Amino acid sequence: MQISSKTGKLFSVFSLTLWIFAFGVSVGYAALDNQKCTECHTMHRSQDNQVLSEWGAGGPYTALMVTSCAGCHTGTNQPGSMPYVMSSVAPLYGVTGTESNTNTLAGGSFYWVGDSASRGHNVYGIASADPNLPLPPGFNGQDKAIDDSSPGGGIWLSGTQVTCAGIYGCHGTHAVEVESTAIRGGHHHGLENAITTASSEPGESYRMLLGVVGYEDPEWELTPTATAHNQYKGVSLARDKTTISALCTRCHGDFHSEAGSATEGWTPHPVDYDMSDTALDSEYRLYGGETNLYQVAVPLASTQVTAPKEFVLQGGDSIITCVSCHRAHGSPFEKLLRWDYSGSPGSGCVYCHTSKS
């Protein structure tokens, strides 16, 4: 039977309408950077009666995806590529991961978890479980996301691995188990650049980290400079659900302590503290030298995240965060540190502790 042009067009519109209502895809955002739907989705996980080699081996996957989160984000970072957080070969890191000859993104890479379980998060499907850590260190189940969901529902089952998203994940809501549902709308509707309003929608949150705000560098800090970098949200001496450190405390709450002060000493190392509040003659006032130029090797957060900060220590813009010292995914150093802490005196510590250099 031959279908007329008019009938064919009506059938196409009807099919697209079914797709939108079934999967919540917005026509305005269906193409991500002019990608085809088939680059991410497959209707029946079959093409010419076979599974394509570029599709993940563990399918079928939810949301009709052709592969998993890790499958899509495994590769070698280069200008213009999607963000890769895992690779089959060691990423170029250098000393701090921010030098011109590196290809590591802001979160680092899970690659190094293969070298040592303590060099990255042991994400399910990427790395084996860490036998020495049956639950996240410092977990107390008290910190929640903006939608009041918390990892594991506040109770981490011993031996359960962290996931990319979902109940035990970092991205999206912790209220659902299915990862693709947890970040629903994040890829198709995702905002970019300055995200300044807290939202319970993954696509309206910084890097799909629910409720977190911040400025997103369009290159994911592939080539960061003082004028082109992520701008993280921070609030001094407070737990605020919109900050980047608040994300970390959902699993590592005991490590976020307000005990101590800049004059009396801290226990443990301060997080969410503005170095602008230190004495004018303190060593911290020389972060970035005499001009206080922002240092991408040791990022600081700010209360305002409309744009990257080029110069800091002017008040509300020099806030220490978890990611000032650590990479979120992994690094070539122990404890996911941005630099080799075993060095003397520690190549990254002296960015803030300037008198120790």
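The structure this text deals with has already been given above.
Since this is a predicted model, take the numbers as computed values, not measurements.

Chemist: With reference to specific residues and values, describe the overall build of the chain.
Modeler: Within the chain one finds 4 helices and 9 strands. Looking at the 357 residues of the chain, the share that counts as buried comes to 45%. The long-range fraction of contacts in the chain, counting pairs at least 24 apart against all pairs at least 6 apart in sequence, stands at 53%. On the chain, roughly 18,400 Å² of surface is accessible, and the fraction owed to carbon and sulfur atoms is 57%.

Chemist: Explain the sheet that holds strand S5 (residues 231-232) to me, and be specific about the residues and the numbers.
Modeler: Hydrogen bonding along the main chain pairs the strands of a sheet, whether they run parallel or antiparallel. Strand order in the open sheet formed by 3 strands is S3-S4-S5, and the pairing between neighbours is antiparallel. Each end of this open sheet is capped by a strand with a single partner; those strands are strand S3 (194-195) and S5. Summarising the sheet, strand S4 (residues 214-215) and S5 pair through 2 bridges and their orientation is antiparallel. Bridging across to S5, tyrosine 215 finds its partner in glutamine 231.

Chemist: I'd like a rundown of the pattern of salt bridges, residues and numbers included.
Modeler: Under the criterion given, the structure shown has 5 salt bridges. Between glutamate 334 and arginine 119 there is a salt bridge; the shortest N-O distance is 2.8 Å. Here glutamate 334, found in the segment after strand S9 (319-320), pairs with arginine 119, found in the loop between helix H2 (69-72) and strand S1 (163-165); they are 215 residues apart in sequence, far enough to count as distant. Exposure remark for arginine 119: the relative accessible area of 24% places this residue in the partly exposed category.

Chemist: Could you give me a rundown of the nonpolar core, with the residues and numbers involved?
Modeler: In this structure, Met275, Tyr287, Val298 and Val312 are the most contacted members of the largest nonpolar core, which totals 14 residues. Once you skip the residues sitting within four places of it in the chain, valine 298 turns out to touch Tyr287, Ser324, Trp339, Gly348, Tyr351 and Cys352.

Chemist: Outline unusual backbone geometry, listing residues and values.
Modeler: Residue proline 60 is reached from glycine 59 by a cis peptide bond, and omega for that bond is 5 degrees. Position of proline 60 among the secondary structure elements: in the loop between helix H1 (5-23) and H2. Phi at leucine 237 takes a positive value of approximately 55 degrees, unusual for a residue other than glycine. Along the chain, the position of leucine 237 falls in the loop between S5 and helix H4 (244-252). Given a relative accessible area of 49%, leucine 237 falls into the partly exposed group. In this structure, asparagine 292 takes a positive phi of about 60 degrees despite not being glycine.

Chemist: With reference to specific residues and values, describe the packing of aromatic side chains.
Modeler: The full count for this structure, using the stated rule, is 6 aromatic pairs. Centroid distance tyrosine 93 to phenylalanine 333: 5.7 Å. Interplanar angle 80 degrees. Geometry classified as edge-to-face. Taken together, the residues tyrosine 93 in the loop between H2 and S1 and phenylalanine 333 in the segment after S9 connect sequence positions 240 residues apart. Taken together through their ring pairs, the aromatic side chains of Tyr93, Tyr111, Trp112 and Phe333 make up a single cluster.

Chemist: Give me the lowdown on the environment of threonine 227, citing residues and values where you can.
Modeler: Tracing the chain through its elements places threonine 227 in the loop between S4 and S5. Expressed as a C-alpha distance, the spacing of threonine 227 and lysine 309, which sit 82 residues apart in the sequence, is 6.8 Å. The contact partners of threonine 227, leaving out residues within four places of it in the chain, are Pro308 and Glu310.

Chemist: An account of the state of the cysteines is requested, with residue identities and associated values reported.
Modeler: Scanning the model with the defined rule gives 0 disulfides in all. No disulfide involves cysteine 37; its sulfur sits 8.5 Å from that of cysteine 40, the nearest cysteine. Left unpaired, cysteine 352 is separated from the closest cysteine sulfur, that of cysteine 325, by 7.1 Å. Using a relative accessible area of 10% as the deciding quantity, one classes cysteine 352 as buried.

Chemist: Tell me what's going on with the side chain of asparagine 77, and back it up with residues and numbers.
Modeler: Along the chain, the position of asparagine 77 falls in the loop between H2 and S1. What makes asparagine 77 buried here is its relative accessible area of 10%. For asparagine 77, the side chain forms a polar contact with the main-chain nitrogen of tyrosine 84, separated by 2.9 Å. In this structure the side chain of asparagine 77 is engaged in a polar contact, spanning 3.3 Å, whose partner is the backbone oxygen of asparagine 103. Every residue in contact with asparagine 77, bar those within four places of it in the chain, is listed here: Met82, Pro83, Tyr84, Asn103, Leu105 and Leu222.

Calculation rules
- Residues numbered from 1 in each chain as written.
- Predicted model: local features only at pLDDT ≥ 70, side-chain atom pairs only at ≥ 80, totals over all residues.
- Heavy atoms only, no water.
- Helix = DSSP H or I, 4+ residues; strand = E, 2+ residues; numbered from the N terminus.
- Buried < 20%, exposed > 50% of the residue type's maximum accessible area, 1.4 Å probe, protein only.
- Contact = heavy atoms within 4.5 Å.
- Areas by Shrake-Rupley, 256 points an atom, 1.4 Å probe, with all protein chains shown as cover.
- Pairing = 2+ DSSP bridges.
- Salt bridge = Lys/Arg side-chain N within 4 Å of Asp/Glu carboxyl O.
- Core = buried A, V, L, I, M, F, W, Y, C linked by side-chain atoms within 4.5 Å.
- Phe/Tyr/Trp six-rings, centres within 6.5 Å; stacked < 30°, edge-to-face > 60°.
- Disulfide = S-S within 2.5 Å.
- Polar contact = N/O pair within 3.5 Å; in protein donor to acceptor, adjacent residues only side chain to side chain.

Keep in mind that these numbers describe shape and distance, not what the molecule does.
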